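# Examination of the molecular architecture
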Amino acid sequence: MRSVKIKEVLSALEQFAPLPLQEDYDNAGLQIGLTETEVSGALLCLDVTEAIVDEAISLGCNLIVSHHPLIFHKLAHITDEDYVQRVVRKAITNNIAIISMHTNMDAAEGGVNFKIAEKLGLQDVRFFGHTQSVVNSEGKTVNGGEGVIGSFAEPQAADDLIINIKKTFGVECVQANQLLRRPIKKVALCGGAGSFLLNSAIRSGADAFITGEMHYHEFFGHEQQIQICVIGHYQSEQFTSEIFREIIDKLEVKTYITKINTNPILYI
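Structure report, in brief. Not measured: the values here are computed from a predicted model.

Another point: the overall build of the chain. Summing up its helical and strand segments, the chain has 9 helices and 11 strands in all. A principal-axis box enclosing the C-alpha atoms of the chain has dimensions of 55 × 45 × 35 Å. For the chain, contacts bridging at least 24 residues in sequence account for 66% of all contacts bridging at least 6. In the structure as shown, the chain presents an accessible area of about 12,800 Å², 51% of it carried by carbon and sulfur atoms. Taking the 22 positively charged and 33 negatively charged side chains of the chain as two groups, their mean positions are separated by 3 Å.

The following block contains the structure:
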């Protein structure tokens, strides 16, 4: 494999999902490290924890690419006070760079929501909700949107849809409203905390809406209007590392998808 610098990996990721696509509150991009360093290997994950850094060390990786930013809020100091500060210290001590592609990767065409749609087998996938277009560093226009909508080749009954979701995403349970008594063909989705798109999904004519998180009161009033399926934040975004691998493999960099489940929520 050829010599590749961290800045080349960063550039490839940002060309696919430009930072201007991220939400105002977000902190995507380079988190820690020097970009002129040659990449020895990249560990791909959803969240960065101390165990993830240890895994990177054991694999000989000096780069971690995550979906969720490690540094989300301003750090007033760096001690052992919480896991974020401990991870920052451990990464710097071991010369490990960290890059995070968050809401920009959610929004990008071919990004997180498109990957979820692919796993579900949806066809004719397109954006719904607010959309935007930005220009990346290569001068190419990249389209982005809040969620995606697509259709099954053959309609599914509500209970069959839920069984398929549980199998595809390995979820212990699906939070759902009253089962729809009509076939489900058109599905809208948004990974992570996507409940804000429920009404847009209804207006788009979707038979079902799939997301990672919704509040209790948001389930009310939609009986026989739309099938709501809430599968968990981690579970909905767990395949994001596959997108990272598809991008970084083109640079001929060794990539590893973490074997660690970083979901902090247990179903007991």
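There is more to say after this.
This model, assessed by the stated rule, comprises 10 salt bridges. For the salt bridge of Glu 50 with Arg 86, the shortest nitrogen-to-oxygen distance reads 3.1 Å. With Glu 50 in helix 2 (residues 50-59) and Arg 86 in helix 3 (residues 83-93), the pair connects residues that are 36 residues apart, well separated along the chain. Judged by relative accessible area, which is 28%, Glu 50 ranks as partly exposed. Residues Asp 80 and Arg 89 are paired through a salt bridge, measuring 2.7 Å at the closest nitrogen-oxygen approach. Shared partners join several salt bridges into a network, and the residues in it are Lys 115, Glu 118, Lys 119, Glu 242 and Glu 246.

By the definition in use, this model includes 1 cavity of 30 Å³ or more. The space that makes up the largest cavity amounts to roughly 30 Å³. For the lining of the largest cavity, the elements supplying multiple residues, two or more each, are strand 8 (184-190) and strand 9 (208-211). For the lining of the largest cavity, the residue count by class is 5 nonpolar, 3 polar and no charged.

Below, the discussion takes up the nonpolar core. Counting 51 residues, the largest nonpolar core has Val 9, Leu 13, Leu 63 and Ile 165 as its most contacted members. Every residue in contact with Val 9, bar those within four places of it in the chain, is listed here: Val 4, Val 39, Leu 63, Ile 248, Leu 251 and Val 253. If you look at the next biggest cluster of nonpolar residues, it comprises 17 residues, including Ile 32, Cys 45, Ala 56 and Val 84.

As a further point, take the packing of helix 5 (residues 112-120) against helix 6 (residues 158-169). It is the contact of helix 5 with helix 6, at a shortest axis distance of 10 Å, that shows an interaxial angle of 115°. Considering the angle they form, helix 5 stands roughly perpendicular to helix 6. Along this stretch, helix 5 crosses helix 6, giving a crossing that reads as right-handed. Between helix 5 and helix 6, the residues in contact are Ile 116, Lys 119 and Leu 120 and Ile 165, Thr 168 and Phe 169, respectively. Along the lines of polarity and charge, the residues of the contact of helix 5 with helix 6 split into 4 nonpolar, 1 polar and 1 charged.

To continue, consider the state of the cysteines. Using the criterion set out here, one finds 0 disulfides in the structure. The thiol of Cys 61 is unpaired, and the distance to the nearest cysteine sulfur, on Cys 45, comes to 11 Å. In this structure Cys 229 is not part of a disulfide, and its nearest cysteine sulfur, from Cys 173, lies 12 Å away. In this structure Cys 229 comes out as buried when scored by relative accessible area, which is 0%.

A few words now on the sheet that holds strand 11 (residues 255-257). Strand order in the open sheet formed by 5 strands is 1-4-3-2-11, and the pairing between neighbours is mixed. Each of the sheet's edge strands pairs with one partner strand only, and the pair in question is strand 1 (29-32) and strand 11. Adjacent strand axes in the sheet meet at a mean angle of 25° when their direction is disregarded. Strand contacts of helix 1 (residues 6-16): strand 1, strand 3 (63-66) and strand 4 (97-100), with the helix running at about 5° to strand 4, the strand carrying the most contacts.

Let us look at the sheet that holds strand 7 (residues 175-176). As a general point, the strands of a sheet are linked pairwise by backbone hydrogen bonds and lie either parallel or antiparallel. Strand order in the open sheet made by the 6 strands is 5-6-8-9-10-7, with mixed pairing throughout. Looking at the sheet topology across the chains shown, the edges are occupied by strand 5 (123-135) and strand 7. When strand 6 (residues 141-156) meets strand 8, the two strands line up antiparallel, connected through 5 bridges. Note on strand 8: the bridge partner recorded for Ser 151 is Lys 186. Against the sheet, helix 5 contacts strand 5, strand 6, strand 8 and strand 9, and its axis sits at roughly 15° relative to strand 6.

This next bit is on the layout of surface pockets. Its boundaries defined by the atoms lining it, the largest pocket holds a volume of some 800 Å³. If you trace the largest pocket, you find 37 residues lining it, with His 68, His 102, Thr 103, Asp 106 and His 233 closest to the centre. Of all the secondary structure elements, the ones that give two or more residues to the lining of the largest pocket are helix 3, helix 4 (103-107), helix 5, strand 5, strand 6 and helix 8 (233-237). Grouping the constituent residues of the lining of the largest pocket by class yields 17 nonpolar, 15 polar and 5 charged. Around the second largest pocket, the lining comprises 15 residues; the ones closest to its centre are Ala 12, Gln 15, Phe 16, Lys 140 and Lys 250. Listed by contribution, the elements that provide at least two residues to the lining of the second largest pocket are helix 1, strand 6 and helix 9 (240-248). Here the lining of the second largest pocket gets 4 residues from one element, more than from any other, and that element is helix 1. Taken together, the residues that form the lining of the second largest pocket break down as 5 nonpolar, 4 polar and 6 charged.

Here is what the cut-offs are and how they apply
- Residues numbered from 1 in each chain as written.
- Predicted model: local features only at pLDDT ≥ 70, side-chain atom pairs only at ≥ 80, totals over all residues.
- Heavy atoms only, no water.
- Helix = DSSP H or I, 4+ residues; strand = E, 2+ residues; numbered from the N terminus.
- Contact = heavy atoms within 4.5 Å.
- Areas by Shrake-Rupley, 256 points an atom, 1.4 Å probe, with all protein chains shown as cover.
- Lys, Arg positive; Asp, Glu negative; His and termini not counted.
- Charge placed at Lys NZ, Arg CZ, Asp CG, Glu CD.
- Salt bridge = Lys/Arg side-chain N within 4 Å of Asp/Glu carboxyl O.
- Buried < 20%, exposed > 50% of the residue type's maximum accessible area, 1.4 Å probe, protein only.
- 1 Å grid on protein atoms, 1.4 Å probe; cavity = no way out; pocket = protein on both sides within 12 Å on 5 of 7 lines; lining within 4 Å.
- Points joined across faces, edges and corners; volume = space filled by probe spheres on them.
- Nonpolar A, V, L, I, M, F, W, Y, C, P; charged D, E, K, R; others polar.
- Core = buried A, V, L, I, M, F, W, Y, C linked by side-chain atoms within 4.5 Å.
- Axes fitted to C-alpha atoms, helices over the stretch in contact; angles between N-to-C directions.
- Parallel < 35°, antiparallel > 145°, perpendicular 65-115°, else oblique.
- Left-handed = near helix turned anticlockwise from the far one by under 90°.
- Disulfide = S-S within 2.5 Å.
- Pairing = 2+ DSSP bridges.

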